[in-house]
Amino acid sequence: QVQLVESGGGSVQAGGSLKLSCAASGFTTDYKCMAWFRQAAGKQREGVASIYIYPNGDIVDYADSAKGRFTISQDNDHNTVYLQMNSLKADDTAMYYCAADRGRCPLLARARQSDYIYWGQGTQVTVSS
């Protein structure tokens, strides 16, 4: 019943920006983790950013490669998360996936695909230099 749908990917020149969206349906728990992963060609899937959403607020975490350039956020109904990506580099080229699970987020540096039970279909981001 839970579905995650990503949007907002595309092609952009180095130094440009993109904003990705992940819309969740059928996922109404009060305590949940939502995260963005990416997978470049020939590479392992890696965590980019996560947000732990709970009634009193949220807690965010970022990979070192994303700090200072990317921002994860949620909308007011807690059903959509965003990834604002600025100062994009060619190395950011990858398929970006939205993931979700109940409870708190794993430490992003140790996060693996198996830590999340719900996944979106992915949206491609291509950065040209």
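Scroll up to find the structure this text is about.
Since the model is a prediction, treat every value here as computed from it, not as a measurement.

Regarding its fold elements, the protein presents zero helices and eleven strands. If you list the helices and strands of the protein from N to C, you get β-β-β-β-β-β-β-β-β-β-β. Over its C-alpha atoms the protein spans a radius of gyration of 14 Å, differing by no more than 12% from the 14 Å that the globule rule assigns to 129 residues. Projected onto its principal axes, the C-alpha coordinates of the protein cover approximately 40 × 25 × 25 Å.

Here the focus is the pairing of strand S3 (residues 18-25). Where strand S1 (residues 3-7) and S3 come together, five bridges link them in antiparallel fashion. Bridge pairing in S3 places Glu-6 opposite Cys-22.

Another point: the pattern of salt bridges. Under the criterion given, the structure shown has four salt bridges. Between Glu-46 and Arg-38 there is a salt bridge, with its nearest N and O atoms 3.0 Å apart. Of the residues examined, Arg-38 reaches a relative accessible area of 7% and is grouped as buried. A salt bridge links Arg-69 to Asp-92; the shortest N-O distance between them is 2.7 Å. Of the two residues, Arg-69 sits in the loop between strand S6 (57-62) and strand S7 (70-74) while Asp-92 sits in the loop between strand S8 (80-85) and strand S9 (94-102), which places them 23 residues apart along the sequence. Asp-92 gets classed as buried once you look at its relative accessible area, which sits at 2%.

Quick notes on the rules
Residues numbered from 1 in each chain as written. Predicted model: local features only at pLDDT ≥ 70, side-chain atom pairs only at ≥ 80, totals over all residues. Heavy atoms only, no water. Helix = DSSP H or I, 4+ residues; strand = E, 2+ residues; numbered from the N terminus. Rg over C-alpha atoms; globule rule 2.2 N^0.38 Å. Pairing = 2+ DSSP bridges. Salt bridge = Lys/Arg side-chain N within 4 Å of Asp/Glu carboxyl O. Buried < 20%, exposed > 50% of the residue type's maximum accessible area, 1.4 Å probe, protein only.

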